[in-house]
Amino acid sequence: MSVQLDENGQLRHFLTTEGLDPALLTRILDTAESFSGVIGKSVKKVPLLRGRTVINLFFESSTRTRTTFELAAKRLSADVLNVSVDTTTTKGESLLDMLRNLQAMQADMFVIRHSQSGAAEYFARHVDPGVAVLNAGDGWHAHPTQAMLDAYTIRQHKGDFEQLRIAIVGDIAHSRVARSQIHAFNGLGAGEIRVVAPNTLLPGDIDSLGVQVYNDLGAGLRDADVVIALRLQRERMQGALLPGEAEYFRHYGLSEARLRSAHPQAIVMHPGPINRGVEIDSSLADGPRSVILEQVTNGIAVRMAVMSLVLGLQPETAREST
Amino acid sequence: MSRILIRNARLIDPDSGLDSTGDIAIADGRIVALGEVSDFTPVQTIEADGQWAIPGLIDLAARTREPGATRKADIASEARAAASAGITTLVVPPDTQPVMDSPSVVELVHHRAEAAGAARVVALGALTTGLAGEQLPGMAGLAAAGCPGLSDGGYPVADSLVLRRALEYASTFALPCLLTPVDTALAQGCLNEGPTATRLGLAGVPAAAETAGLGRQMAIASATQARVHFGRLSSVEGVRLMTAALGEGRKLSADVAVHQLFLTDQDAMEFDPRFHLQPPLRDIIDREALRQAVSDGVIRIICSDHQPHDQDAKDGPFASTEPGASGIDTLLALVLRLVEEEVLSLHKALAAVTIEPAKLLGLESGRLAEGAPADITLVNPNAPWFCTNESLQSRGKNSPFLGWEFSARATHTLIAGRLVHQPTQ
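Since we're looking at a predicted model, the values are computed, not measured.

Visitor: Pulling in residues and values, what's your account of the sheet that holds strand β7 (residues 212-214) of chain A?
Guide: One key point about sheets: their strands pair by backbone hydrogen bonds, in either a parallel or an antiparallel sense. Residue and element names in this part refer to chain A. Reading across the sheet, the 5 strands line up as β7-β6-β5-β8-β9 and stay open at both edges, with parallel pairing between neighbours. For this open sheet the edge positions go to β7 and β9 (267-269), each flanked by a neighbour on one side alone. Between one strand axis and the next, the sheet turns through 20° on average, direction left out of account.

This is how it looks when you write it as structure tokens:
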């Protein structure tokens, strides 16, 4: 039994998009949609999480994820505490101690980012009952709110997932975003998910997750409706995974020219932060196909949705009480 | 010394092929008569009532954590746990702190074991000084201190020339060398490279990490006279290499950790650190190939690869925890389960934990025979028990088999004719 679901199949934590049924995935998107109206208003707050404390516990640096989680919590009227931890001084035992100490401050929810795969699940297994854990990225394993905001953005532009060809391009092996996207899009019934990368950036048996594997960018982009570029970390050059940025861009970098084989209405996405001229050309990232900034905006509504769902709160009930 | 008579036992000796009902007479720490025993006046008689009498188990790879990491376990705790689980000899690798590369450390270990008065502890000497892979330790001195063999202690010698010379020098003193068939650069990960590791976002270890190490070490071994043994095979590819080498008549041998015969990488699906092992848990195809290899005699020895850990070492996200499983409590029960599951015959299963490791290291024990040391385990094959935190006698509670039910257990353990484990009255 998954640790993130309760006995009724409702979210208790949000750790991964793997194994979530279509109804639950759709419910997250629908809830986010109802919140997006709130964001547009001049008074940007709902009192759904009033009196609750959300702790952003980041063991890895992050700007947009932490900020949008913070904004989401604040727009739900929660009290927010940001804690940044230097992982070089942290080991397993102190992780549990830290959790207990923070829990002693009566937190209702932890938003956790950590460099180790499984860290969010570890926290979820150790928090007190009633305390929720949201995974803001664990190692190469999962980044479920990113995948849901991507799904939300895709739905806004393309509607139903069933006919969609989605191509994810870049460092699949070290990407928690790619794994969570694959599970979420498959759960939502996507027509075809492709991963496009050189073999050094593909993890073993990636096809077992339900994707088509392409080494050639042109073939991988053919007739694609959605094209997602992943961030390429500089460390990959040192680890002998890639020869260099120039060759990578030549073969796997996205540009207007490379996108010609894609569907004429294809949208281009990126989870950020962007390495311009490495995985994506500036003119494409800033051009009309790009929905990259919409992704960031949608991140707030999606994170509001997930925060309220894990606490068993609905935006409707919030409206009644206001 | 006391004189003990074990009466009416099913005597099972894989070395001689013996399987018949009879008695065992023990005097001065040795078996003096076997089968029909007459003219023997015991001080103590153990009524076996048809239970099995088998040679005490020899566990070819068990860490006691002493010296160096006694917060996890110590010689006394693990030697007692072993005895209560039917193991009469623990063979300990040299990767202690300090490393067992000098007679003084080896003597310390042997003294502590003697003081504990439970299972025998046999120390393997370090194949290179400090296990650093650069210089040779005083191998003759280690042998004189009681090391029956040498081991790389889980740290493969990277320099091929050093490895060749270490094997050659060891062969001068007829010391068997126990190697870890791993290419360390390829082994940077914590789970089999495959669908499960990919799902969990964990770094995978390919089978090539084993075959690259194994192939290189086999090639170097062939340039020497050394008796070489490979520890902890984990993959179908490794089994294939081993099968081919044996087919060419090479004098090599290999063992497998017993957990590899029961578990797969899918057991780690919930990031449970108890399944973080080295070599990593692999695919069901590998598990089946390993079972077949034991059945075919390609792998002749089964060990527990016992690595007790304190709670902190196994607490945290999967990759950040320390690898290894606590195994001495379940070795006998798991080996007999292979018989229940019809993977192995009873004699073959028991040989893999008695006479085979004894032969590799030139130990006298591991057999039921007149004149042999009286290291004997009495087994009740139908005494169901659950493996729980409380049932574990080892200080290491990191067993991957918690919650499993087993049918066989050791009721009595004799070591050098001394009854060190018996049912609590």
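This is not the end of the story, as more comes after the structure.
Visitor: How would you summarise a nonpolar patch on the surface if you had to cite specific residues and measurements?
Guide: All names here are of chain B. Together, Leu136, Tyr169 and Phe173 make up an exposed nonpolar region whose accessible area comes to about 240 Å². Tracing the backbone shows Tyr169 in helix α4 (residues 160-172). Of the residues examined, Tyr169 reaches a relative accessible area of 36% and is grouped as partly exposed.

Visitor: Give a description of the pairing of strand β20 (residues 409-415) of chain B that names residues and reports values.
Guide: Residue and element names in this part refer to chain B. Counted residue by residue, β20 has 6 buried out of 7 residues, so it is predominantly covered. For strand β17 (residues 376-380) and β20, the ladder comprises 5 bridges, and the chain directions are antiparallel. Within β20, the position partnered with Thr377 by the bridge is Thr413. Looking at chain direction, β20 and strand β21 (residues 418-421) are connected through 3 bridges and run antiparallel. Each residue of the ladder has a partner; that of Leu414, found in β21, is Leu419. Here β20 folds back onto β21 in antiparallel fashion, the turn holding 2 residues, of which Ala416 has a positive phi close to 50°.

Visitor: Got a sec to walk through the pairing of strand β4 (residues 132-138) of chain A? Specific residues and values, please.
Guide: All names here are of chain A. With 7 of 7 residues buried, β4 is to be regarded as a mostly interior element. Direction of pairing for strand β3 (residues 109-114) relative to β4: parallel, over a ladder of 5 bridges. Looking across to β4, one finds that Val111 is bridged to Leu134. Between the parallel pair β3 and β4, the chain is carried across by helix α4 (residues 119-126), and the sense of this crossover is right-handed.

Visitor: I'd like to hear about the side chain of His143 of chain A, residue by residue, with values.
Guide: Residue and element names in this part refer to chain A. Topologically, His143 is positioned in the loop between β4 and α5 (144-158). For His143, a relative accessible area of 3% translates into the label buried. A distance of 3.2 Å separates the side chain of His143 from the side chain of Arg113, its partner in a polar contact. Excluding its chain neighbours within four sequence positions, the residues that come into contact with His143 are Thr65, Arg113, Asn135, Ala136, Gly137, Arg176, Val177, Ser180 and Arg303.

Criteria and cut-off values
Residues numbered from 1 in each chain as written. Chains lettered and ligands numbered in written order. Predicted model: local features only at pLDDT ≥ 70, side-chain atom pairs only at ≥ 80, totals over all residues. Heavy atoms only, no water. Pairing = 2+ DSSP bridges. Helix = DSSP H or I, 4+ residues; strand = E, 2+ residues; numbered from the N terminus. Axes fitted to C-alpha atoms, helices over the stretch in contact; angles between N-to-C directions. Patch = residues over 30% accessible without salt bridge, like charges linked within 9 Å, V, L, I, M, F, W, Y side chains within 5 Å. Areas by Shrake-Rupley, 256 points an atom, 1.4 Å probe, with all protein chains shown as cover. Salt bridge = Lys/Arg side-chain N within 4 Å of Asp/Glu carboxyl O. Buried < 20%, exposed > 50% of the residue type's maximum accessible area, 1.4 Å probe, protein only. Right-handed = clockwise from strand over helix to strand, strands pointing away. Polar contact = N/O pair within 3.5 Å; in protein donor to acceptor, adjacent residues only side chain to side chain. Contact = heavy atoms within 4.5 Å.

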